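Examination of the molecular architecture
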Amino acid sequence: MSLARWNKATPSTLLWLLVVLSLLAVPSLSMGQAPDEPTAAPAAGAAPAAPASKGAAAPAQAHGPPPDSWAGQLETLSRWIDQRGGSGRCEERCYALDRLRITGTVGEGPLQFELSGGVLADGPVAVPLFGPPEHLRIEATLDDGRPASRREAAPISFEGDHYYVWTAARRFVLRGTLSLEGDLTLLVAGPLNAFEADITGGSVAEGARLSGLLEATLHFTPDGGAAAQSAGPTVFQLSRAVRVGREIGFEYRLVMRSGSDLGVVRLPLAFGEKVLDVAGASGFRVEGGELVLPTSGRAAEMKISGTLPKVGAFTPDPRSAYEWWLFESDAEHRLTVKGDARQVDAAESPIPRTQATSRLLLVQRGQRVEVAVEPLAGVEVLAAVVRQHRRTLVLTERGDLVADDALTYENNGIDYLPIAPGGRPIYLATDGKAQRIMHQGEAAEEVLVPLQTGSHAIQVQSLAQAAVRSLGGSLELPMPSYPLTASEVALKVGLPDRVVPLALLGGDRPVWFADAGDAFAVVVGFVAAWIAVRPGGAPSRGRVRALRALGGLLMAGLWFLAPATFVALVVGIATAVAAWLAGRLLGGRGRAAAMVVLLCAGGLALLVGLFAISAGRYKAERWNAAYSEAPASAPAVARSAKDDLAKGGGSALAPGGAVLEGVTPVALSLPDYERAVQARRELVTRERAFRPVLVYTTSSALVPLVLLWLAGATVLLAAHRAPLTALYRRAAARLARRPEDDGIQGEPPAPAR
């Protein structure tokens, strides 16, 4: 900017600067003259008041600016703002403890301490110190920033299990003495960042340099003097662990030190301990309920282990100022620990932990711990579970029951599974490998199946007998039993041609010989019969209804006797009705095309119906093949048996193919069957067993029904003799007609003369 432009812009700026400087200069002049007022010549009549005004001005000058100055007004404003903004109170841990340092000699008077920290709130806060109050006395002064001449004794009191100091200092240092009476333990409430112990005549059991203390207990161990050496070991530290499982075991860790030789130490076995081993001492013995431990030297460390007859009330040894007690239990037991001892973090245990349920207690002299054990009941079926059980039971013409059971199980510790197969066992395999059949005793019916840990499969084959009546009845089918819970049991019963099943009961729902598909087929049969029955002549309406009902019954019976014939008749009737409608509605070439389309559609519908019937039968056969996968491995088993024979494993054949004991069995192929019925049951146990019952009839009992069906068919055909005869004649005439006759008939007739 040029000088001319500066001169033009300066007057207004300088004017404002002069005004501001004048406002600031007036209070500064008064502040600068205040110290000189006492040196100026006093006015007349003002001399007596000069000392008083001087004494009043000095504190004001020492603590802050005069209140009538701009600085004093700003300070007053800032205090008011602080008071308005500092109305909120600290809600949680409004203090911070930095470092605790303890010095002195253990056992010879009080210990000196120095604790530094600060308050985080605007106001006094109760800062927790040490404890317990019944064994500790504190005398201290508080350095909160005031001159040393104005410091007073710290306001210390106690509440609960520790002392606290009441202060509002942003930064303070508490210095004083600690007097430990009786038990040499110090409880630090914390949280404390660092701990330092520079002591003589003893040591801190947890360590002289610690960090991060919260509700921690420090134990001071003094060195032994002449009086202590004459009384016994100077240091007697005993830690105990009690472990509850199938039996109650204990482990003790004993540490002793002295200024002279320890000699022989006796440890009372006050809880009935049975000592099995002592590591660190040779030649131990038990005399009169005490464990005698010979030692050599001035220090010894031993590990004592054994068993306890029971748990109950425990107290520490009188020679121990405190003891560590570790209680543990396995998953089959639950411990309840009560008493006046204090529980601490299990990670501080001097004895290694073995269970996740461990509890560590610090038991001081005179305290008591009561322990109770509650055994947890184990459920047998949880150790092993049968995931799926499929049983195929085939009834032969001679009344033999051949059973094949395929089980998949999940095992977690059971060695053997007793299975009663419901017949004489002839084959056993696990994971496709044949096993020898073993029994609990000679007369036992149960087969002992060796189980492996994890998921595996079992196959068992057995033979039984069944009495089949000539006209029908009910048959209770044998089922295997075992002491495990089965998630699902599926049963398939194969029957010969002469046995016709009516119902299979005992599953989750009863299985009948007819289902919804059969009902639909019966309805279709009645509809087809109602359309197709057209008797000749002029019969009455009642006779027509009776004949149509008879036709519906014949069609329903035909569905159960010959399903393929039923499908063919229904398709033929539907095609004939469609052709009749096409003949009435169409003519000429359209009628011929419609007839061709209807014939093709009828043939296609017939093929679809026959395929649906065969698909249902194919599905049943595939279900049976799935059940017979394990027996299909029989040739491999047979080959392995032949290989064993080739290796000289002994003769496994008997004259006539008889069964030999003590030989690995070979699987039997299941017999063929004509009909099959299936049932299913979920969550099967011994208390909720699956007992299927087959209700059946025989082909001999169905002969009268077949004869009645034939008689009904004869009656129906006789009623349609006239229409059938006319249809036959029409068809014969149509077939006997020649092509030239069709041409002559197609010419127009000659005109009449």
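The sections below set out a description of the structure shown in this document. (Residues numbered from 1 in each chain as written. Predicted model: local features only at pLDDT ≥ 70, side-chain atom pairs only at ≥ 80, totals over all residues. Heavy atoms only, no water.)

1. Regarding the overall build of the protein
Counting its regular elements, the protein contains 12 helices and 39 strands. Burial statistics for the protein: of 753 residues in total, 34% are counted as buried. Contacts in the protein between residues far apart in sequence, at least 24 positions, make up 73% of those at least 6 positions apart. If you sum the accessible surface of the protein, you get close to 44900 Å²; carbon and sulfur atoms cover 58% of it. (Helix = DSSP H or I, 4+ residues; strand = E, 2+ residues; numbered from the N terminus. Buried < 20%, exposed > 50% of the residue type's maximum accessible area, 1.4 Å probe, protein only. Contact = heavy atoms within 4.5 Å. Areas by Shrake-Rupley, 256 points an atom, 1.4 Å probe, with all protein chains shown as cover.)

2. Some details on the packing of aromatic side chains
For the coordinates displayed, the defined rule picks out 11 aromatic pairs. Between the aromatic rings of Phe 250 and Tyr 252, the centroid separation amounts to 4.6 Å while the plane-to-plane angle is 40 degrees, which identifies the pairing as tilted. Where Phe 314 meets Phe 327, the ring centres are 6.0 Å apart and the plane angle is 45 degrees; that geometry is what we call tilted. One end of the pair, Phe 314, is in strand β21 (residues 313-314); the other, Phe 327, is in strand β22 (residues 322-329), with 13 residues separating them in the sequence. Under the relative-accessibility criterion, Phe 327 is labelled buried at 1%. Chaining the aromatic ring pairs together yields one cluster made of Phe 271, Phe 314, Trp 325 and Phe 327. For Arg 240, the ring lying beneath its charged end belongs to Tyr 252, and the centroid distance is 4.8 Å. Directly above the ring of Trp 530 sits Arg 548, whose terminal nitrogen or CZ lies 4.8 Å from the centroid. (Phe/Tyr/Trp six-rings, centres within 6.5 Å; stacked < 30°, edge-to-face > 60°. Lys NZ or Arg CZ within 6 Å of the ring centre and 35° of its normal.)

3. Quick notes on the environment of Pro 133
Of note, Pro 133 is situated in the loop between β4 (130-131) and β5 (136-143). In the structure, Pro 133 is positioned 27 residues away from Gly 160 in sequence and 8.3 Å away in space, judged by C-alpha atoms. Setting aside chain neighbours within four positions, we find Pro 133 in contact with Phe 158, Gly 160, Asp 161, His 162 and Tyr 163.

4. So, the packing of helix α6 (residues 541-561) against helix α7 (residues 563-585)
Viewed as axis vectors pointing N to C, α6 and α7 meet at an angle of 135 degrees, and their least axial separation amounts to 6 Å. The orientation of α6 with respect to α7, classified from their angle, is oblique. For the pair α6 and α7, the contacting residues are Met 555, Leu 558, Trp 559 and Leu 561 in the first and Pro 563, Thr 565, Phe 566, Val 567, Leu 569 and Val 570 in the second. Broken down by class, the residue content of the contact of α6 with α7 amounts to nine nonpolar, one polar and no charged. (Axes fitted to C-alpha atoms, helices over the stretch in contact; angles between N-to-C directions. Parallel < 35°, antiparallel > 145°, perpendicular 65-115°, else oblique. Nonpolar A, V, L, I, M, F, W, Y, C, P; charged D, E, K, R; others polar.)

5. Looking at the environment of Pro 375
Tracing the backbone shows Pro 375 in strand β26 (residues 369-375). Between the C-alpha atom of Pro 375 and that of Asp 330, which follows or precedes it by 45 residues, the distance is 9.9 Å.

6. Focus on the sheet that holds strand β6 (residues 156-159)
One key point about sheets: their strands pair by backbone hydrogen bonds, in either a parallel or an antiparallel sense. Sheet architecture is open: three strands sit in the order β3-β7-β6, paired in antiparallel fashion. Looking at strand neighbours, the two that pair on one side only are β3 (125-128) and β6, the edges of this open sheet. Geometrically, the sheet is characterised by an average inter-axis angle of 40 degrees between neighbouring strands, direction not taken into account. Two elements, β3 and strand β7 (residues 162-167), share four bridges in a ladder whose sense is antiparallel. (Pairing = 2+ DSSP bridges.)

7. Quick notes on the sheet that holds strand β18 (residues 285-287)
If you trace the three strands from one edge of the open sheet to the other, you get β16-β19-β18, paired in antiparallel fashion. Two strands bound the open sheet, and with one partner strand each, they are β16 (264-268) and β18. On average, each strand axis in the sheet is tilted by 35 degrees relative to the strand beside it, whichever way the strands run. Pairing geometry for β16 and strand β19 (residues 290-294), over five bridges, is antiparallel. Note that in β19 the partner of Val 264 across the bridge is Pro 294.

8. What to know about α6
Under the 1.5 Å per step criterion, the end-to-end length of α6 is 30 Å for 21 residues, consistent within 8% with the ideal 30 Å. Residues of α6 that are buried include every one of Val 544, Leu 547, Arg 548, Gly 551, Gly 552, Leu 554, Met 555, Ala 556, Leu 558 and Trp 559, and no others. (Expected span 1.5 Å × (residues − 1).)

9. Some remarks on a nonpolar patch on the surface
A contiguous nonpolar patch, built from Val 523, Val 527, Trp 530, Ile 531, Val 577, Trp 580, Leu 581, Leu 585 and Leu 586 and spanning about 870 Å² of accessible area, is present on the exposed surface. Mapped onto the nonpolar patch, the elements with two or more residues apiece are α5 (516-532) and α7. For Trp 580, the location among the structural elements is in helix α7. (Patch = residues over 30% accessible without salt bridge, like charges linked within 9 Å, V, L, I, M, F, W, Y side chains within 5 Å. Salt bridge = Lys/Arg side-chain N within 4 Å of Asp/Glu carboxyl O.)

10. Some details on the pattern of salt bridges
For side chains of opposite charge, pairing can occur when their charged atoms come near one another. Tallying each qualifying case throughout the model produces 24 salt bridges. The partner of Arg 99 in a salt bridge is Glu 114, and the shortest N-O contact between them spans 3.7 Å. Placement of Arg 99 in strand β1 (residues 95-105) and of Glu 114 in strand β2 (residues 111-119) is noted, with a sequence separation of 15 residues between them. On the basis of relative accessibility, which here comes to 27%, the residue Arg 99 falls in the partly exposed class. For Arg 209, the salt bridge goes to Asp 198, with nearest N and O atoms at 2.7 Å.

11. Quick word on the nonpolar core
Leu 100, Ile 102, Phe 113, Leu 115, Phe 130, Leu 186 and Phe 220 are the most contacted members of the largest nonpolar core, which has 37 residues in total. Leave out the neighbours within four places in its chain, and Leu 115 touches Leu 97, Arg 99, Leu 100, Leu 129, Phe 130, Phe 172, Val 173, Leu 174 and Leu 192. Core analysis: the second largest hydrophobic core is formed by 36 residues, Val 386, Ala 403, Leu 417 and Phe 690 among them. (Core = buried A, V, L, I, M, F, W, Y, C linked by side-chain atoms within 4.5 Å.)

12. As for helix α10 (residues 699-719)
Owing to its 3.6 residues per turn, the α-helix aligns residues three or four sequence positions apart on the same side. Its 21 residues give α10 an end-to-end C-alpha distance of 30 Å, which sits within 8% of 30 Å, the value for a rise of 1.5 Å per residue. Listed as buried for α10 are Gly 712, Ala 713, Leu 716 and Ala 719. Structurally, α10 contributes buried residues whose contacts are with α6 and α11 (721-736).

13. Here we look at unusual backbone geometry
Cis geometry is adopted by the peptide bond preceding Pro 132, which originates at Gly 131 and carries an omega value of -5 degrees. Within the secondary structure layout, Pro 132 lies in the loop between β4 and β5. Look at the link from Gly 190 to Pro 191: it is a cis peptide, with omega at 0 degrees. Following the sequence through the fold, Pro 191 ends up in the loop between β9 (185-188) and β10 (192-200). Although it is not a glycine, Asp 431 sits at a positive phi angle of roughly 55 degrees. Position of Asp 431 relative to the elements: it lies in the loop between β30 (424-430) and β31 (433-434).

14. So, the side chain of Asp 143
With respect to the secondary-structure elements, Asp 143 resides in strand β5. In terms of polar contacts, Asp 143 uses its side chain to reach the side chain of Arg 175, at 3.5 Å. When neighbours within four sequence positions are excluded, Asp 143 is seen to be in contact with Arg 151, Arg 171, Phe 172, Val 173 and Arg 175. (Polar contact = N/O pair within 3.5 Å; in protein donor to acceptor, adjacent residues only side chain to side chain.)

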